[in-house]
Amino acid sequence: MDQSVAIQETLEREENCIIAVQCDVLFDDITESRLLGLVESAEEHAIFIYTHRRMAITADDVLLEDVIPICLDFAVVEVSSPEELAVVGGDTRVRVSYQEEELELRLPFGSHSRLFLGEVNRAWSDVCKSPTQVPKFEWINKYHKGPRGQGVVKQALTPLSTTLNKLSQHRKTEKSSDKKGTSEKEKGSNSGTQKSRAPLSQESQGISSREDRDDLVRSSSHTPSNKAQILAMPQFGLRDNLIRCELLKNEDLYTYLEDFSFFLGTYNVNGQPPKESLSPWLSHTPNPPDIYCVGFQELDLSKEAFFFNDTPKEMEWTKAVSEALHPDAKYALVKLVRLVGIMLIFYVKKEHAEFISDVEAETVGTGIMGRMGNKGAVAIRFRFHNSDICVVNSHLAAHIEEYERRNQDYKDICSRLQFRPLDFTQPPLTIMKHDVILWIGDLNYRISDLDVDNVKELISKKEFETLHSYDQLKRQIDEEAVFVGFVEGEIDFQPTYKYDTGSDMWDTSEKCRVPAWCDRILWRGKNIKQQHYQSHMALKTSDHKPVSSLLIAGIKRINTEAYKKTFEEIVRNIDKMENECIPSVTLAKQEFHFKDVKYMQHQAETLSLFNDGQVPCQFEFIQKPNESTYCKPWLTANPPKGFIAQGGSVDIELEVFVNRSTAPDLNSGKEQIEDILVLHLERGKDYFIPVTGNYLPSCYGTSIHSLCHMREPIQDMPQETLHKLAEMSVKENVANAEKPLDIPKELWMMVDHLFRNAIKQEDIFQQPGLRSEFADIRDCLDTGMPDSLPGSNHSVAEALLLFLDALPEPVVPFSFYQQCLESCSNASQCEKTISMLPQCHQNVFNYLAAFLRELLKNSAVNRLDVNILATIFASLLLRSPTKQDLAEKRKTQEFFQHFLTQGST
């Protein structure tokens, strides 16, 4: 969860929290949690330090403690030494100094901490590059004075009074002690863990950190002259990239394959605590596995788990796992990652720990409008010897009929889950860019076209092959809809869902679920063999049974002598050809045209570059004069920069995507799909690539006022008319025009469909729809064909939310926003404010409120309440013209709640 949002709510409007990270501050033998925010204002940067009582979601969760300006008196260095003992993937310890004070911090291992340090370094380097331009930091003075009201600064501050002085006293005492005592104290401090982390076993604390860790911060000493270099980012160097590329091409010369065993386990625990030993599941193999990857789903089903970072279930299940690992080996905990109830734990045998590197963990939630995290995936990627491995644990959409939604979840996870590489100049790593991919989880695919009795009969006869032919996942893989290139072993065990908890009996509840193989394990990669694939009936804690698989994977190991020889040969060859020739490339296509671009619909074309020169080349798309980015906001190039070996080629995806910020000007014709990309070669020439297209106007991103003046679908309207409507004031009327519609016909179609079909729909406005169905709904609204809306109730509901979200001017116009806040506690004043809106906006507001009141009459069935609807719709109907803080959000919800009660008119 992005905790910078909570910090942002404590700041002034002109101040911006670039990034936030949770860390531990080390005082003597005490560890205290803090939230750090890198804040920018007027091109000056400072680190804001907050205390917090939980995972920071709003301003109420944080309390500002200190502000450290990033200036010439500032420095940050790493204090972890190569000799210091740490778990693989261990946290990073840094020392922040300002003037004569110092602060020691421990940041959680991972790309987010590196990104935070990278941004701090960037700000610090800018200061050091211009030592004569002394920052004034006038904007932070107010934070050293009295409180400014609820949700901003809740206590008086004195400059660096609390945290830095506290640590400074500790360090003065520490300097007078002997070195041995200091070493022991630092070790003891480093062994503390955050409450939300799993405890390390005694074995895992004995793993030495790798000496070649590529951390951003290395030196523990600094001088004013080298400050800017201490945190220097990896450079986008042609020589380094060339060496890396040549090593990759010649990998077969210095690597060989060695087999290692991977134990994969997945278990949906249905929100239950561990009630029995997990040994029958985790340690049933004759020999101890080299690596364990254990995944859980539905770890905690409570609402608290969704909103807050901590859940006691994480610690309970992690402890249960660590106690059940194979007794014949010692294991180290490498990484644990969790998203709500989806958790993945990664252990390795102690003797292999030193060969694990580049460990990263990421999460992605799939849910309504892509924001909910109760379904989704967590993943860990790492390098083992010379093989790159990615492990994914996912929980996909439920319900037997929702297999298309599961397909969409899978595709979303593949496209959105990205790992940030150590070299920030390189593009992010996706799941598929790994040598080995291991995918586990409750994939939720069911058995179709058989009733429950037929399914149970086939199970009783152990005719699993016949039953498997009705499995949705098998059918979707056969159709190449999902998991293309993945392999799943033969299923010769009975379905793992759904059982009565505490037994081996199939579901006896009223719903009587059809048994299904929800819990699955698949893999992708070369040189992999499966030793077993089975369920574990002995465990009865949940309504699912755990599943395990043991894979033997051929991992690439490095022959040190051969590597050294190959490396030296590559360097010699590079030295010979450097500076010999000017780089050049051939473009397979000189210009690009995107036909019929639609709102929120990706279109992509491939730009292929071939290096026809005599030397390797490095390319990058660069900004044109007087432009802040290399392309228009609706266009992206992936990758935007890169490296091409001599005689090599690269494919660049040029992608067009129109969203709510770019749609209004394209709908009106003020902007066109037109741009020119400038492709620059280092030490070479520039290539100019025209990008054109035609955009199909949409009701999404068009104003209420304009839509009310359109009796025909928007795509039947002349472009000139659309432009005039967009330029026209709300108070004006088109000359000789018919009376405008009371509300946009597109809005009426969606609400009317939901009123007739979804008034009793369970989880309406809370469960996401299908993207393919949204596209059909959008096309129907924009073209008028067909006459009735396609798609499920959930897809239409999400389409309505997206429509309101895309309005350039919200239902309550920006000019009325402040008035709504001021009247929020008085129902009659709220109604009076709405009566003053422009007529078409007033009509839309009252129409939506009346519809939502009808929904609430059926709350026993659809599971909606006033708070849920107020939270969802207030943020769409009453949008702030600038930045909205927490207090304003609450006022908008209070305002709208008056119109959702039964007595409202």
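Since the model is a prediction, treat every value here as computed from it, not as a measurement.

Our focus in this paragraph is the pairing of strand β24 (residues 617–622). Strand direction decides the pairing type here: β24 and strand β26 (residues 641–644), joined by four bridges, are antiparallel. Bridge assignment links Q618 to a residue of β26, and that residue is F643. Note: β24 against strand β28 (residues 674–681), four bridges, orientation antiparallel. Its bridge partner lying in β28, I622 is registered against V678.

Okay, the sheet that holds strand β20 (residues 547–558) next. Overall, mixed pairing links the six strands, which are arranged β10-β11-β9-β8-β20-β19 in an open sheet. Where the open sheet ends on each side, the last strands, each with one partner, are β10 (331–339) and β19 (528–535). Ignoring strand direction, the axes of neighbouring strands in this sheet form an average angle of 20°. Across seven bridges, the pairing between β19 and β20 is antiparallel. By the bridge assignment for β20, Y533 is matched with S549.

Let's shift gears to the pattern of salt bridges. Side-chain pairing between opposite charges can occur once the charged atoms of the two side chains come close. The tally for this structure, following the rule as stated, stands at 44 salt bridges. With a shortest N-O distance of 2.8 Å, K545 and D504 are connected by a salt bridge. Linking K545 in the loop between β19 and β20 with D504 in the loop between α13 (472–478) and β18 (519–524), this pair joins segments that are 41 residues apart in sequence. On the basis of relative accessibility, which here comes to 0%, the residue K545 falls in the buried class. D504 sits in the partly exposed class, given a relative accessible area of 37%. Between E854 and K857 there is a salt bridge, with the nearest N and O atoms lying 2.9 Å from each other.

Its place among the elements puts F610 in strand β23 (residues 603–611). Sequence-wise, F610 and V650 are 40 residues apart; in three dimensions their C-alpha atoms are separated by 6.7 Å. Those residues in contact with F610 that lie beyond four places of it in its chain are S584, V585, T586, G647, G648 and S649.

Within the element layout of this structure, G648 appears in the loop between β26 and β27 (649–656). A sequence separation of 31 residues divides G648 from C617, and the C-alpha atoms of the two residues are 9.7 Å apart. The contact partners of G648, leaving out residues within four places of it in the chain, are L609, F610 and N611.

This part covers the state of the cysteines. Inspection of every chain in the model, using the stated rule, returns zero disulfides. No disulfide involves C708; its sulfur sits 4.7 Å from that of C840, the nearest cysteine. Take C708: its relative accessible area is 2%, and that puts it in the buried class.

Within the chain, residue pLDDT values average 84, and 83% of them lie at 70 or more. Per-residue pLDDT stays below 50 along residues 81–87; that stretch engages in 19 contacts with residues further than four places along the chain or on separate chains. Here residues 166–236 is modelled with pLDDT under 50, and outside its nearest four sequence neighbours on either side it reaches 144 contacts, counting other chains as well.

Scanning all chains against the criterion turns up 31 aromatic pairs. Geometrically, the ring pair formed by F48 and Y50 is stacked, given 6.4 Å between the ring centres and 25° between the ring planes. Both rings, one in W439 and one in F486, keep their centres 6.1 Å apart while their planes meet at 85°; by these two values the pair is edge-to-face. A residue pair is termed long-range when its members are at least 10 positions apart, and W439 in strand β17 (residues 436–442) and F486 in the loop between α13 and β18 qualify at 47 residues. Residue classification places W439 among the buried residues on the basis of a relative accessible area of 0%. With relative accessibility at 9%, the residue F486 sits in the buried group. A cation over an aromatic ring shows up here: K545 above the ring of Y499, its NZ or CZ 5.0 Å from the ring centre.

Cut-offs and rules
What you see as residue numbers is a count from 1 along each chain, following the sequence as written. Reporting of local features is limited, given that this is a predicted model, to residues whose pLDDT is at least 70; pairs of side-chain atoms are given and counted only at 80 or more, and all residues count toward the totals for whole chains, interfaces and linings. Water and hydrogen atoms play no part in the side-chain values, which are based on all heavy atoms of the structure. If DSSP finds at least two bridges between two strands, the strands pair. Strands are runs of DSSP state E lasting at least two residues, helices are runs of H or I lasting at least four, and both sets are numbered from the N terminus onward. To obtain an axis, a line is fitted to C-alpha atoms, over the contacting stretch when the element is a helix, and the angle between two such axes runs from 0 to 180 degrees between their N-to-C directions. Any carboxyl oxygen of Asp or Glu within 4 Å of a side-chain nitrogen of Lys or Arg constitutes a salt bridge here. Exposure categories follow from relative accessible area, calculated using a 1.4 Å probe and restricted to protein chains: below 20% of the type maximum is buried, above 50% is exposed, and the middle band is partly exposed. Residue contacts follow a heavy-atom distance rule, with two residues in contact if any of their heavy atoms lie within 4.5 Å. Only a pair of cysteine sulfur atoms within 2.5 Å qualifies as a disulfide here. For every residue, the predictor assigns a confidence score, pLDDT, that lies between 0 and 100. Within 6.5 Å between ring centres, the rings of Phe, Tyr and Trp (the latter by its six-membered ring) count as paired, and their orientation is classed by plane angle as stacked under 30 degrees, edge-to-face over 60, tilted in between. Charge-over-ring placement is defined geometrically: NZ (Lys) or CZ (Arg) within 6 Å of the ring centre, and within 35 degrees of the ring normal.

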